[in-house]
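Residue strings, one per chain:
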Amino acid sequence: MTAAIEYRDVSKSYGDKSVIEHLDLAVDRGAFVTVVGSSGCGKTTILKMVNGLVAPTSGAVLVDGEDIREKDQVELRRNIGYAIQGSILFSHMTVERNISYVPSLLNRGNRERTRAAVTRWMRIVGLPEELRDRYPDELSGGQQQRVGIARALAASPDILLMDEPFGAVDEITRGQLQTELRRIHDETGITVMFVTHDVSEALRLGTMVLAMEGGKVQQYAPPEELLRDPATDFVRRLVERERRRCSLPDDLLGRCEHSGAGSVGGDASSDLETIA
Ligand SMILES: Nc1ncnc2c1ncn2[C@@H]1O[C@H](COP(=O)(O)OP(=O)(O)O)[C@@H](O)[C@H]1O
Ligand SMILES: [Mg+2]
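Points about the overall build of the protein
Scanning the protein from terminus to terminus reveals eleven helices and ten strands. Taken across its 276 residues, the protein has 41% of its residues classed as buried. Taking the contacts inside the protein whose residues are at least 6 apart along the sequence as the reference set, 65% of them involve residues at least 24 apart.

Observations regarding the packing of helix α5 (residues 111–124) against helix α6 (residues 141–154)
Put simply, α5 and α6 touch, their axes get as near as 9 Å, and they point 130° apart. Taken together, the axes of α5 and α6 lie oblique to each other. Pair α5 / α6 crosses with right-handed handedness. The residues of α6 that touch α5, namely those facing Ala 117, Trp 121 and Met 122, are Ala 150, Leu 153 and Ala 154. Broken down by class, the residue content of the contact of α5 with α6 amounts to six nonpolar, no polar and no charged.

Focus on the nonpolar core
In terms of nonpolar packing, the biggest core is built from 63 residues, with Val 33, Val 50, Trp 121, Ala 150, Leu 161, Met 193 and Phe 194 touching the most fellow members. Residue-level mapping places this core at the junction of two domains, with at least three residues from each of domain 1 (29–52 + 158–276) and domain 2 (80–156). Apart from the residues within four sequence positions on either side, Val 33 is in contact with Val 27, Val 192, Met 193, Phe 194, Gly 206, Met 208 and Leu 210.

A closer look at the site of ligand 1
Near ligand 1, the surroundings consist of Tyr 14, Val 19, Gly 37, Ser 39, Gly 40, Cys 41, Gly 42, Lys 43, Thr 44 and Thr 45. Residue composition of the shell around ligand 1, grouped by class: three nonpolar, six polar and one charged.

Points about the sheet that holds strand β1 (residues 5–14)
Read from one edge of the open sheet, four strands run β2-β1-β4-β5, paired in antiparallel fashion. Edge positions in the sheet fall to β2 (17–27) and β5 (66–67), since each of these pairs with one other strand and no more. Where β1 lies against β2, seven bridges are found, and the strand directions are antiparallel. Looking across to β2, one finds that Tyr 7 is bridged to Leu 25.

What counts, and where the lines are drawn
- Here the residue index of a chain counts from 1 through its sequence in written order.
- Chain labels run from A onward and ligand labels from 1 onward, assigned in the order the entries are written.
- The model is predicted, so local features are restricted to residues of pLDDT at least 70 and side-chain atom pairs to those at 80 or more, both for listing and for counting; the totals for chains, interfaces and linings are taken over all residues.
- Helix and strand definitions here come from DSSP, where helices need a minimum of 4 consecutive H or I residues and strands a minimum of 2 consecutive E residues; each element is numbered from the N-terminal end.
- Residue burial is a threshold on neighbouring C-beta atoms within 10 Å of the residue's own C-beta, all placed from the backbone, with 20 or more meaning buried, 12 or fewer meaning exposed, and counts in between meaning partly exposed.
- It is the C-beta atoms, placed from the backbone, that decide contacts: two residues are in contact if theirs lie within 7 Å.
- All axes are obtained by fitting lines to C-alpha atoms, using only the stretch in contact for helices, and the reported angles, taken between N-to-C directions, cover 0 to 180 degrees.
- Roughly parallel covers angles under 35 degrees, roughly antiparallel covers those over 145, roughly perpendicular covers 65 to 115, and oblique covers all other angles.
- Helix crossings get a hand from a simple test, with the near helix turned counterclockwise from the far one by less than a right angle marking a left-handed crossing and a clockwise turn marking a right-handed one.
- Classes in brief: Ala, Val, Leu, Ile, Met, Phe, Trp, Tyr, Cys and Pro nonpolar; Asp, Glu, Lys and Arg charged; the others, Gly included, polar.
- We call a set of buried Ala, Val, Leu, Ile, Met, Phe, Trp, Tyr and Cys residues a nonpolar core when their C-beta atoms link them within 7 Å.
- Domain extents, as shown, originate in an automatic or database domain assignment.
- For each residue, a C-beta atom is placed from the backbone, and the residue counts as near a molecule or strand when that atom lies within 6 Å of it.
- DSSP-based pairing: two strands are paired if at least 2 bridges between them are found.

This is the structure we're talking about:
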């Protein structure tokens, strides 16, 4: 099977500063990859290489088996949803218009279809119908984040890139958004790359976890494998607190050496900053 996303010997430097070194990685279609690593290790860089916002210095990035340099860039980005932390909404547009920005371009003239798509996506991300005509500054942070996610998904992309999308919301909202996102992933089979600096979030959400340090892959494996068998000292330190706390969902708890210690959900305080 062709990988949804593939990095082939990708390196990136800014001036003489090397940021990514010889990255080889294949992301299977339908995978939910969480990318975790200390601040500045290159997480955002590898994400932006997928939709062409950053070009590798050497090597190639392939989407659906094709070098993205050979693809039509508008087409490429239309097929890749992109959600980042904080609000990137159009402040002069209502919720409806923000979400339908791309679909209405696609459904040119077919307002009925666009409206129906907006209704559907608002429901999926858990936005009440009455917010439809509000402007971004009339919404809470969590609601804005949901609109951003709905917009990223509304064009039904095959790939969803998310860069610390839940960083700015409170913990309850974050938990809800995580649940919604997992459900959307399960239902649509979309390929997700999700950057976070929260180790517990990475382990809970990912079907695969990509642990990075200093521009290099430390481990790329299912979450339970990072816990059971950390590939490097860095990964060991990364997951140590999680192993101790075992703040993992039930299906992973059983495989955790120190199981029985924690509760489902965990807390969001396992920031890399504090251990890396
Ligand atoms: N446009 C740029 N010019 C110069 N250096 C950059 C640029 N973008 C990112 N960097 C550097 O590349 C490194 C990786 O950045 P980034 O991918 O944003 O890290 P992360 O998302 O993991 O925090 C950092 O040291 C950052 O300062
Ligand atoms: Mg970043």
